[in-house]
Amino acid sequence: MAERKWIYVLRGGGESHASFGARMRTDISRRLLELQPARLDLTVTDAPPPKVTLFPFKREPIAIFNIHADVDDPARFEAVLEDAGGSLSGYAVEESYPVAFDQTWRDGEATPTPILLTMLRKKAGVSEEEFIERWHHGHTPLSLEIHPLCYYQRNVVRGAVTEGAPPSDGIVIEACPTRGDLLNPTRFFGGALKMVPNMLRVAKDINGFLDMKKTETYYATEYRLRS
């Protein structure tokens, strides 16, 4: 059977970022690794987001487990995760990498760049086909032209695998070489002369196919637990 991928979203239930992040990185990650996934990554908000930022970062803790396995049996992973956070949502996804890291750090160490995690919701009236076309062939090339991205993991949600999972259309994990490249608007949008027109280009593009009131953005850290 071909390798499958699921993403599980855990939201902190009143726990601090530090406590939630530490628990995800240690006990929960260890228990998942014991189940021998083919690959396992964790993206987690182990600290509060910056207070002054261009991004509308959500402030509650969240963890995303990327689980690859050679068998179509997500239930064994869900048994570990179902009581691990305030809520659990699981999705079958289709993964692609417009830009990939050349990993030079060991599994278990933090990816040495801050992570921009985005949970996408498509705009009402936009079909699945139009959403994918706009995202993959419109927004992705625009992002790569404007932003100094060194990593772009794109996950199309193909369906929920846990009962009651809220609707989700896509999950994106991105990175820039440094914290300043991500958080400084001038650097993130192509320089002082290009910043304003580029911001307008991006705003026009995303407002054409995304529901920005339901799309969520987080400032996070990635851990490749089994690469």
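We now turn to the structure provided with this report.

Conventions adopted
- Residues numbered from 1 in each chain as written.
- Predicted model: local features only at pLDDT ≥ 70, side-chain atom pairs only at ≥ 80, totals over all residues.
- Heavy atoms only, no water.
- Core = buried A, V, L, I, M, F, W, Y, C linked by side-chain atoms within 4.5 Å.
- Buried < 20%, exposed > 50% of the residue type's maximum accessible area, 1.4 Å probe, protein only.
- Helix = DSSP H or I, 4+ residues; strand = E, 2+ residues; numbered from the N terminus.
- Contact = heavy atoms within 4.5 Å.
- Expected span 1.5 Å × (residues − 1).
- Bend = angle between axes of the 7 residues up to and from the residue.
- Salt bridge = Lys/Arg side-chain N within 4 Å of Asp/Glu carboxyl O.
- Pairing = 2+ DSSP bridges.
- Axes fitted to C-alpha atoms, helices over the stretch in contact; angles between N-to-C directions.
- Disulfide = S-S within 2.5 Å.

A word on the nonpolar core
Thought 1: Counting residues in each nonpolar core, the largest one holds 25 residues, and the members touching the most others are Phe131, Trp135 and Leu182.
Thought 2: Listing elements by their share of this core, those giving two or more residues are strand 5 (115–120), helix 3 (128–146), strand 6 (151–160), helix 4 (179–183) and helix 6 (195–207).
Thought 3: Considering each element in turn, this core owes the most residues, 5 residues, to helix 3.
Thought 4: Excluding residues that lie within four positions of it along the chain, Phe131 makes contacts with Leu120, Lys122, Val126, Asp169, Phe209 and Leu210.
Thought 5: Counting residues in hydrophobic clusters, the runner-up holds 22 residues, among them Phe20, Leu32, Leu42 and Val80.

Some remarks on helix 3
Thought 1: Look at helix 3: 25 Å from first C-alpha to last across 19 residues, which is about the 27 Å you get at 1.5 Å a residue.
Thought 2: The sharpest bend along helix 3 reaches about 35 degrees and sits at His139, with the proline Pro141 one to four residues further on.
Thought 3: Among the residues of helix 3, Phe131, Ile132, Trp135, His136, His139, Thr140, Leu142, Ser143 and Ile146 are the ones counted as buried.
Thought 4: Structurally, helix 3 contributes buried residues whose contacts are with strand 4 (87–99), strand 5, strand 6, strand 7 (170–175), helix 5 (185–188) and helix 6.

Describing the pattern of salt bridges
Two side chains carrying opposite charge are able to pair once their charged atoms lie near each other.
Thought 1: According to the stated counting rule, one finds 18 salt bridges in the structure shown.
Thought 2: A salt bridge links Arg158 to Glu94, with the nearest nitrogen and oxygen atoms 3.1 Å apart. On the criterion of sequence distance, the pair formed by Arg158 in strand 6 and Glu94 in strand 4 is long-range, its members being 64 residues apart.
Thought 3: Residue classification places Arg158 among the partly exposed residues on the basis of a relative accessible area of 48%.
Thought 4: On the basis of relative accessible area, Glu94 is assigned to the partly exposed category, the value being 44%.
Thought 5: Glu130 is the salt-bridge partner of Arg134, the closest N and O atoms lying 4.0 Å from each other. Taken together, the residues Arg134 and Glu130, both in helix 3 and 4 residues apart, mark about one turn of the helix.
Thought 6: Overall, Arg134 belongs to the partly exposed group, its relative accessible area being 26%.
Thought 7: It is possible to trace a salt-bridge network through shared partners that takes in Lys5, Arg39, Asp41 and Glu95.

Here's the deal with the sheet that holds strand 4
Thought 1: The antiparallel closed barrel is built from 8 strands, whose spatial order is 1-3-2-8-5-7-6-4. Direction aside, the axes of adjacent strands within the sheet are offset by 30 degrees on average.
Thought 2: In the sheet, strand 2 (residues 39–44) pairs with strand 3 (residues 62–69) via 6 bridges, with the strands oriented antiparallel. The residue bridging Val44 from the neighbouring strand is Ala63, located in strand 3.
Thought 3: In this fold helix 1 (residues 17–33) packs onto strand 1 (4–11), strand 2, strand 3 and strand 8 (216–226), with an angle of close to 170 degrees to the strand it touches most, strand 2.

A few points about the state of the cysteines
Thought 1: Counting across every chain of the model gives 0 disulfides.
Thought 2: Of the cysteine sulfurs around Cys150, a residue in no disulfide, the closest is that of Cys176, at 6.4 Å.

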